[in-house]
Amino acid sequence: MHTGRPLNEVKADLFKGLAHPVRIRVLELLAESDETTVADLLDRTGLEPSHLSQHLRVLRGYGLVLSERTGSSVSYRLAHPSVAGLLAAARIVLRDVLEARGALAELDRADAVTPAR
């Protein structure tokens, strides 16, 4: 990210990195543990390897995740613990907005369903 730009533009770029349901799901999975293998992410998301790879590349590019290779296995983790806090804050805002609209049941149903690929 270019540091000579206004902070609101840099923040908008960060949110572009979050702007896909699969990337949010991957970040949520990574927030659940210190480190997760690509094999586990593939299993838990049901994505094709090439699709997961594309999303992980975007997340790395925005500085949201870090990877580490050990032999033939690659593991990922959140680059900053505050990413988990950001996801939690977004959930609180979403819950409040949906509750105000009388649509909180939609969020609860969505939790019970595996995210769309």
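Quick look at the structure, then. What you see is a predicted model; the values in this text were computed from it and never measured. (Residues numbered from 1 in each chain as written. Predicted model: local features only at pLDDT ≥ 70, side-chain atom pairs only at ≥ 80, totals over all residues. Heavy atoms only, no water.)

**A short note on the nonpolar core**
- Ranked by size, the top nonpolar core spans 18 residues in total, and within it Val26, Leu27, Leu30 and Leu41 carry the most contacts.
- Contributing elements (two or more residues each) for this core: helix H2 (21-31), helix H4 (49-61), strand E3 (73-78) and helix H5 (82-100).
- In this structure, Leu27 is in contact with Leu18, Leu59, Leu64, Val65, Leu78, Val83 and Leu87, ignoring residues within four places of it in sequence. (Core = buried A, V, L, I, M, F, W, Y, C linked by side-chain atoms within 4.5 Å. Buried < 20%, exposed > 50% of the residue type's maximum accessible area, 1.4 Å probe, protein only. Helix = DSSP H or I, 4+ residues; strand = E, 2+ residues; numbered from the N terminus. Contact = heavy atoms within 4.5 Å.)

**Some details on the sheet that holds strand E1 (residues 36-37)**
- Ordered by their spatial adjacency, 3 strands build an open sheet running E1-E3-E2, and the pairing between neighbours is antiparallel. On the outer flanks of this sheet lie E1 and strand E2 (65-70), each paired with one strand and no other.
- Of the pairings in the sheet, the one linking E2 to E3 comprises 6 bridges and is antiparallel in character. Of the residues in E3, the one forming a bridge with Ser67 is Tyr76.
- Each of E1, E2 and E3 touches H2; the most contacted strand, E3, lies at about 90 degrees to it. (Pairing = 2+ DSSP bridges. Axes fitted to C-alpha atoms, helices over the stretch in contact; angles between N-to-C directions.)

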